[in-house]
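Notes for the structure review
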Amino acid sequence: MDRIPILKMGECLLVSIQVDMDDDLALALRDSLTSRIVQDKARGVLIDISSLDIVDSFIGRMLANIAAMAKILDAQTVLVGMRPSVAMTLVELGLSLPGIQTALNVDRGLKLLHCSPQGESSAAKHH
Amino acid sequence: MPPSIISETVKNQAVKLNAASDVVMIRQAVRALAVEIGMNLVDQTKIITAASELARNAVIHGGGGDATLEIVRDAANRLGLRLSFEDRGPGIADIQRAMTDGYTTGTGLGLGLGGARRLSSEFHIQSAPEQGTKVTILKWKG
């Protein structure tokens with residue numbers, strides 16, 4: 001089975017979903033991201049979905065789960081790069097993803113999370 | 001609204017629905033057909049998403065089944081996609097309730113049927129306990 005790579009940058013974890021995920025792969029991503037948040041003491045999670053041409057209710061629920069689990073583990077999640085057609089479809093489907101913070105692109109997402117390559121994130125300053 | 005009258009099936013494709021990976025295959029097959037008839041990106045996204053919901057329903061709740069994907073044409077020469085998903089599962093006793101957002105017997109969100117209806121031009125469901133379920137959706141090229 002494919003795996004979706006999780007990159008670490010400073011205190012953030014970065015994921016770019018580049019494949020059409022089946023449900024098992026989506027669940028595997030949720031589980032490994034949740035473990036990595038603890039293992040890497042991450043404060044932020046950025047998920048780039050600019051390559052996804054659809055988000056159905058299962059994938060949407062998986063993304064919402066990741067954000068909820070991350071929050072409990074003291075990490076903030078930002079979803080970036082959603083295509084306009086995907087946003088329109090999601091809302092019509094009935095899934096408005098409350099509780100997930102979004103940003104238009106990776107740049108803005110990283111700013112929101114205060115990620116920096118050296119790990120000198122402003123989130124780290126309150127330690 | 002009465003169902004549209006289809007004057008011709010231009011293309012017909014059968015896909016087996018047995019595993020989670022078949023849901024991905026359906027999405028790719030529907031995308032290819034939507035592109036073939038020149039459907040716009042938003043409508044493509046809607047019909048692929050609806051197909052994904054219905055294919056997953058057939059795999060998870062219906063214990064597998066068959067999908068038929070068709071390019072159809074009506075008398076006015078309009079092209080569209082008609083997709084049907086048939087399973088041999090336990091069937092649905094209360095269809096109206098099953099169509100309600102948030103109602104689920106499984107672990108899902110209960111958005112599948114209602115969502116698929118909203119994303120399609122036409123929606124038809126046929127089901128009875130122990131008889132399996134057949135859902136047909138149609139989306140015309142805008």
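As the structure is a prediction and not an experimental result, all values here were calculated from the model. (Residues numbered from 1 in each chain as written. Chains lettered and ligands numbered in written order. Predicted model: local features only at pLDDT ≥ 70, side-chain atom pairs only at ≥ 80, totals over all residues. Heavy atoms only, no water.)

1. A few points about the sheet that holds strand E4 (residues 76–80) of chain A
Adjacent strands of a sheet form backbone hydrogen bonds with each other and so pair up, either parallel or antiparallel. All names here are of chain A. With mixed pairing, five strands are arranged side by side in an open sheet as E1-E2-E3-E4-E5. Edge strands, defined here as strands with exactly one partner in the open sheet, are strand E1 (6–9) and strand E5 (101–103). Across the sheet, the axes of successive neighbouring strands diverge by a mean angle of 25 degrees, strand direction being ignored. (Pairing = 2+ DSSP bridges. Helix = DSSP H or I, 4+ residues; strand = E, 2+ residues; numbered from the N terminus. Axes fitted to C-alpha atoms, helices over the stretch in contact; angles between N-to-C directions.)

2. Side note on the layout of surface pockets
Residue and element names in this part refer to chain B. Taken as a whole, the second largest pocket spans an internal volume of roughly 290 Å³. For the lining of the second largest pocket, the elements supplying multiple residues, two or more each, are strand E3 (79–87), strand E4 (122–127) and strand E5 (133–140). When its residues are assigned to classes, the lining of the second largest pocket shows five nonpolar, five polar and four charged. (1 Å grid on protein atoms, 1.4 Å probe; cavity = no way out; pocket = protein on both sides within 12 Å on 5 of 7 lines; lining within 4 Å. Points joined across faces, edges and corners; volume = space filled by probe spheres on them. Nonpolar A, V, L, I, M, F, W, Y, C, P; charged D, E, K, R; others polar.)

3. A look at the interface of chain B and chain A
Taken residue by residue, the interface counts 23 residues in chain B and 21 residues in chain A. Counting the surface lost from both chain B and chain A, the interface buries some 2,000 Å², and carbon and sulfur atoms represent 56% of this. Where chain B packs against chain A, one counts seven salt bridges. With a shortest N-O distance of 3.5 Å, A:Asp56 and B:Arg27 are connected by a salt bridge. (Contact = heavy atoms within 4.5 Å. Buried area = accessible area lost by both parts, 1.4 Å probe. Salt bridge = Lys/Arg side-chain N within 4 Å of Asp/Glu carboxyl O.)

4. Considerations on the sheet that holds strand E1 (residues 6–17) of chain B
All names here are of chain B. If you trace the five strands from one edge of the open sheet to the other, you get E1-E2-E3-E5-E4, paired in antiparallel fashion. Lying at the two open borders of the sheet, with one neighbouring strand each, are E1 and E4. If you compare each strand with its neighbour and ignore which way they point, the axes differ by 15 degrees on average. The pairing of E4 with E5 spans six bridges and is classified as antiparallel. Within E5, the residue paired with Phe123 across the bridge is Ile137. Of the strands in this sheet, E4 and E5 are in contact with helix H4 (residues 112–119), which crosses E4 at around 145 degrees.

5. Quick notes on a nonpolar patch on the surface
A cluster of nonpolar side chains, namely A:Val38, A:Ile72 and A:Leu73, defines an oily patch on the protein surface of about 300 Å² accessible area. Here A:Ile72 shows up in helix H2 (residues 57–72). (Patch = residues over 30% accessible without salt bridge, like charges linked within 9 Å, V, L, I, M, F, W, Y side chains within 5 Å. Areas by Shrake-Rupley, 256 points an atom, 1.4 Å probe, with all protein chains shown as cover.)

6. Considering the pattern of salt bridges
Scanning the entire structure with this criterion turns up 17 salt bridges over all chains. In this structure, A:Asp74 engages A:Arg43 in a salt bridge whose closest nitrogen and oxygen atoms are separated by 3.4 Å. With A:Asp74 in the loop between H2 and E4 and A:Arg43 in the loop between helix H1 (23–39) and strand E3 (44–48), this pair connects stretches of sequence that are 31 residues apart. Looking at A:Asp74, the relative accessible area reads 48%, which means it is partly exposed. Among the salt bridges present, the one from B:Lys11 reaches B:Glu36, with a minimum N-O distance of 2.9 Å. Here B:Glu36 lies in helix H1 (residues 20–36) and B:Lys11 lies in strand E1, a separation of 25 residues in the sequence. (Buried < 20%, exposed > 50% of the residue type's maximum accessible area, 1.4 Å probe, protein only.)

7. Remarks on helix H2 (residues 41–60) of chain B
Residue and element names in this part refer to chain B. Compared with the 28 Å implied by 1.5 Å per residue over 20 residues, the 28 Å span of H2 between its first and last C-alpha is a close match. Within H2, 16 of the 20 residues are buried, which leaves it mostly tucked inside the rest of the structure. The residue sitting at the N-terminus of H2 and contributing the capping side-chain oxygen is Asn40; that oxygen lies 3.1 Å from the backbone nitrogen of Val42. (Expected span 1.5 Å × (residues − 1). Polar contact = N/O pair within 3.5 Å; in protein donor to acceptor, adjacent residues only side chain to side chain.)

8. Describing the pairing of E4(A)
Residue and element names in this part refer to chain A. Most of E4 is tucked away, with four of its five residues classed as buried. Across five bridges, the pairing between E3 and E4 is parallel. In the sheet register, Leu46 faces E4, and the bridge partner there is Val78. In this fold, the crossover linking E3 to E4 by way of H2 has right-handed handedness. Bridge count between E4 and E5: three bridges; the pairing is parallel. Residue pairing across strands places Val80 opposite Ala103, the latter belonging to E5. (Right-handed = clockwise from strand over helix to strand, strands pointing away.)

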